[in-house]
Amino acid sequence: MSAGVLPFLRAIDFTKNNFQEDFPVAVENMTSLTWLRANKTHLSEVPDSLTKLNKLEDLILSRNEIKELPQEITEMAGLRSLNLRHNKLQKEGIPYSLFDLEELTTLDFSHNNLDSCPENLHRAKALLVLNVAHNRIREVPPSLFTQLKYMQHLDLSNNLIEYIPPQIRRLQQLKSLNISYNPLQHDQFRSLSGLVQLESLNIAHTQRGINNIPSEFDKLVSLTEIDLSYNKLTRVPEPVYRLENLKRANFSHNEISEMSSLTECWTELITLNLTENKLTEIPACICKLTKLKRLYLNGNKITFEGVPSLIGKLQNLEVFMAARNSMTCVPDSLCKCSNLRQMDLSSNQLVALPASIWELKQLTNLNTDDNPNLVMPEKPPPEVKGSGAEFYNVDFSLYNQRKVAGLKPSAETMPQKDKEAERKKLRARLRIKQAQLKEEEGGKQDSNKFLKGLSEYKEDSGSVSTYLSSRARLNQNENQDEERKEIKSKKWTDALTKPALDYTELFPDVVNGSVGQEEGLYMWRIDNFLPLLLDDAVGRFYEADCYIILHASQRENLPGLLYDIHFWIGAKCEIDKKACAAIHAVHLRNMLGCDNRTTREEQGDESDEFILYFDGDIEVLEGGSESGFFQVEETIYIKRLFKCHGQNNILLEPVESHVDSIDHRHSYLLDDGMDIVVWFGKLSKLTQNKKTTLFAEKINKLERKNKATITVITKYESEKQHVFFSMLEGDPSSIKEPTGEKIEDYEDTYSVPTPKLYEVHLGVGYLELPQLEFSVNRPMTQQMLRTQRVYLLDTYTDVFVWVGAHSDRLLRAAAAKLSGEILKMIKRPATAIVNTCFEGVESALFRSFFHKWDDIVAVDFTRAADKVIAPSTTEGKEEMKVDLTALFIKREPPMSPADCTEYREQWKENLETMSCFVMEGKNYTRLPAGEQGHFYTENCYIFLCTYWMFISDFNDDLLEQYVILQKKQSTGKKKNEDGYEDGEGGSDEEEEEEEALVCRVYFWQGRDASKVCWPQYSLSSFRAKIREKIGSKMPVEDERCFQQQESVKFLSYFNGKFIIHKGKRPGNNDLETPEPRPRLYQVRQNGNILAQRCVEVGCSSLLLNSGFCYILKVPAEKDGDMCYILYVWIGSRSSEELMNASIEIGKEAFDDVDTVSVLYEGTNEPDIFWSAVGGRRPYDNQADWMDVIRLFRCSNERGYFAVSEKCSDFCQDDLSDEDVMILDSGTDVFVWIGEESSDVERKLALKSAQLYQQHIQDLSGEARKLSIVRRGKENLKFIKLFHGWGPFRARTKNSS
């Protein structure tokens, strides 16, 4: 980058840089610099480059190690302010001629090694501010006061001065004087009374007593601040009381035992400090100081009786400090000071506090430590506003939540204040309507007046009717004339007028006559939206360009030229060129005054007339000019290697991408764009490794849109080491291996250099680069960055440019140039680069330098509500984020039976083969054909399904397998005569979308099956054989299915005959045959016929329902052998589809039954049926709730509380033990509480259920009962809503 931007720089801040070795040479180019700050930069002398800046006005070099000033500094004629605080300056190191600078107005030599005032200081006659505090000066020359007549601020504190010359009275412009901490015991300060303009006086620690305070002090009528602390005053001097304009008074650390009634004279007093004195009471007259805001009384002997009872009149009091006194209580009137923010009552003898202490709403800091006998008053219950702190300040009103969900709130749910707003709007509309009606009525009144006048005229002349008729005929004639005019108008295009366009900028050569005035051929190329005239009109075109061609020829037997205009479109040109070519061709026609049309010519389809213009020879070349649109270019990533330090807060140090940078005691992050590698050293700590991995994931999420590949290489994965070292330079064998070294003995001393945050200011012809101040107590945060600004973050290892979303374009350009100059200006590592970050898409590395930068507000859901938000600070707090939108969305309509049948047939048609296996122990047994569709809750099943699938629908894993198989299959194929492989062709027909065979392995797990079945299968040789044999022919993928949570595609393979039995599958090797017992199965369709299952339920008539169908399998004896009788019980209100499916299942799916009987409800079911189900008992006679039932999940797993809806095909296992569920049955709203759900989830879920209850009642007018259900204690009414309810599995310590 050129140094062209530096001459425009007017201000720069180099604070906290390290210039111990070299000062930036580029400063010499900042010729317009007027302000420079270089605090804490380790300078030992003033750089020569600074003395060459002739326009420099403010030079700040505080907190360095400068011992002397160069003579060249006296040549800086424009210098106005010189600040050298906290250095090592000595009197001999200050040039005498420095004070001859005529513009010098501010001089700060405080905190140095001066033993006397600098020579010739009195010659700085323009000096306004002088600070020589914290030196060793013993004497002040009188000439200093006689010559510096314009001095306004003088600080001589913390020196060894014993006498102030009386000539100080000549400083008539002096406003601030600080002579504190000097041995001025014998000085009477009589001359100070002549400083009539003095506003601030600090004479602390000057051995003042009541006898050496001059009586003329009351002449300092402008004095607003006085400091008499650390003296020996026994009372406040009377002249001080007469200073009526005092605003701040400090009498701390004296021996004052009482305050006079003259205290009431300080009517303007804001701050009064009486700390560490001997006061026993506060004077009652202090209650008249109505402007008092801060009162400090620490370290006195004030008792309860010493506090005036009228202290409550101090309504502006914000700070009351009375620690280390003798108070046993405080008066109740103190609690009437409603603006109190801080109160310190520690180290007293307090026994009780008034109950009204809790009424101080502004009180944020109350200290009552070291009061062992204190009993705090009972805290009143907090005032709940809306939902308040009890519900984390979330507004659960139906009106608000409907509004958040995007629904239109009803008038009934509208709060009172919103109703008032609506009424105001209606009243405003009514007023406007009334005004319009008045205008109309006014017009009618005018007409009435007109008619009344005519009637009066009739009485006089009797010719009113004649007048009216003539007036009517006149109006009729006028209307007819207007109609005739409208009829005479031609078509609408005649009314259009061509705009007066100026084509001079588009075709300047045509305007000046150099083009188009003679016969010939002319060509223009479209370049950046405009036509560009070409020198030669030859038949050479570029395929990515567009051209305008003008052919001028002589008219036959007519004067003038004939123009033919064509525009040629290249095959690969951008759309902007196409549009501009057509538009500018019309512009050229209009400019030449032609009546003919423009002709479009496309590459490869040019007209014969167009080709003849170039003698039949047209040449099309590759390439062309760029589009006028902004081009989206792919991001170019720079490969960078980061060495990771620390454990709690990970620190990334950029190092060279070389093996020499590798240290086994650290973890490393290699960022190569879309490939991110995390490498762990052999001695790196586990915590650091995890944090490095998390940082890599953050980079992928924030900067790569989760498209990068992250490779984690641990110290145990030796086979992956080459992946990491192949991306580095150098020989990996040169890395020093750890030998016997322990990581516990290693101390990482790396520390991040203090970053500098610059704010770029841009003015008319100048730039400024000030720094933003931050510290340990006030760290650098995201809130410092304002969207209208541009900032530079200098971290020494990198320079970042942060661009605000609403920043000025010129400001961005200036920051870009400055960043490059800042990078080169300071000596940095070779890996340092400039990074540009835009607001909202900052890099993870940039964010790591800011304190608690996070886009998501972290919520600690384990804390109680009263700890999250204090009751006194509830108002004004932002609401916690919640998402309750699912509660207000309508239930998804079920799929029609016709659509379900179509999907089922399509999936079955795509299915080629299906092989079934059952898992018994460690063996995998092929399932007999008769058992397909029968499942047992204690078993696991494996289904190998091969089916056709479009390649475009492949996921990444399937696509990768397919590509590998295609490469293997293509090896050895012979090409045919046309050059194509067998199976390929040169057909011109449009290819259909390609399909391929895929094998999906379904692993079905019963509810009561062992949890180790899936890991056992994943590691088994059976799975490996499947992958080996089938995987060599087609892509293979696994899908794990849980009982009653299967996909509808899997269910469709069984054609509706999906039967789930309780218990374990009976096998041939079973030692004991279970005793035959009746089994009851419920046939149910959840949402649609695709989700149809026949599930065994408890054999009880209480579970019957007229809306479903049931299958009862009853054991019986026939000829001495055991057999089964099957009853298909059809509920009277069951659907026809369910009835037919149940009869089909009963007749075809059960092979071990002797007879099948179909029973219709209420048609005299046999006694054996009722006996098998435990006798005839009342049961539900309808299942209308199936049309409205909904299940919601309430969870905070996203970092905030959210409600989501489960699909209509839900089951018992969808009740998550870590969450709270809301179940709506149409008549009841159940809140099911999991055992491991948090208190916050339970509380907010209950509030959400109440809100849902209000919403339903507002929509339908139906009131639904709210019930709370706990896990394991569900009632029968709740259980009946689920298909195949069973006992919950016992939870173990390791279960999640």
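The following paragraphs examine the structure supplied in this document.

1. Focus on the sheet that holds strand β50 (residues 1220-1224)
Sheets are built from strands paired through backbone hydrogen bonds, the pairs being either parallel or antiparallel. Taken together, the six strands give an open sheet; going across it, the order is β35-β49-β48-β50-β51-β52, and neighbouring strands pair in mixed fashion. Each having just a single partner strand, β35 (882-883) and β52 (1265-1270) make up the two edges of the open sheet. Summarising the sheet, strand β51 (residues 1228-1233) and β52 pair through six bridges and their orientation is parallel. Looking across to β52, one finds that F1230 is bridged to S1267.

2. Examining the packing of aromatic side chains
Summed over the entire model, instances satisfying the criterion amount to 59 aromatic pairs. Ring centres of Y924 and F1022 lie 4.4 Å apart, and the angle between their planes is 10°; this geometry places the pair in the stacked category. One end of the pair, Y924, is in strand β37 (residues 923-926); the other, F1022, is in helix α18 (residues 1021-1029), and 98 residues separate them in sequence. Accessibility assignment for this pair places Y924 and F1022 in one class, buried. Each member of the aromatic cluster is reached from another via a ring pair, and the members are F935, Y941, F943, Y1002, W1004, F1050, Y1053, F1054 and F1058. Residue placement shows R10 over the ring face of Y766; its charged tip is 3.5 Å from the ring centre. The ring of F774 is capped by K16, whose NZ or CZ atom sits 5.3 Å from the centre of that ring.

3. Describing the pattern of salt bridges
What the rule picks out here adds up to 49 salt bridges. The partner of E1096 in a salt bridge is R1077, with the nearest N and O atoms 3.4 Å apart. You can see E1096 sitting in strand β44 (residues 1092-1097) and its partner R1077 sitting in the loop between β42 (1059-1061) and β43 (1079-1085), a full 19 residues away along the chain. Note on E1096: relative accessible area 3%, which makes it buried. Salt bridges sharing partners connect three or more residues here, namely D13, R37 and E773.

4. Describing the pairing of strand β40 (residues 995-1005)
Most of β40 is tucked away: nine of the 11 residues are buried. Here strand β39 (residues 940-950) runs beside β40; their pairing, made up of 11 bridges, is antiparallel. Across the sheet, Y947 pairs through a bridge with V998, a residue of β40. Where β40 and strand β41 (residues 1036-1042) come together, seven bridges link them in parallel fashion. What sits directly across from Q1005, in β41, is F1042.

5. Notes on a negative patch on the surface
Judged by side-chain charge, E45, D48, E68, E72 and E75 come together as a negatively charged surface patch. Inspection of the secondary structure assignment puts D48 in helix α1 (residues 48-51). With a relative accessible area of 53%, D48 lands in the exposed category.

Each value, and the rule that gives it
- Residues numbered from 1 in each chain as written.
- Predicted model: local features only at pLDDT ≥ 70, side-chain atom pairs only at ≥ 80, totals over all residues.
- Heavy atoms only, no water.
- Pairing = 2+ DSSP bridges.
- Helix = DSSP H or I, 4+ residues; strand = E, 2+ residues; numbered from the N terminus.
- Phe/Tyr/Trp six-rings, centres within 6.5 Å; stacked < 30°, edge-to-face > 60°.
- Buried < 20%, exposed > 50% of the residue type's maximum accessible area, 1.4 Å probe, protein only.
- Lys NZ or Arg CZ within 6 Å of the ring centre and 35° of its normal.
- Salt bridge = Lys/Arg side-chain N within 4 Å of Asp/Glu carboxyl O.
- Patch = residues over 30% accessible without salt bridge, like charges linked within 9 Å, V, L, I, M, F, W, Y side chains within 5 Å.
- Areas by Shrake-Rupley, 256 points an atom, 1.4 Å probe, with all protein chains shown as cover.
- Lys, Arg positive; Asp, Glu negative; His and termini not counted.
- Charge placed at Lys NZ, Arg CZ, Asp CG, Glu CD.

Read these as spatial facts, not as claims about activity.
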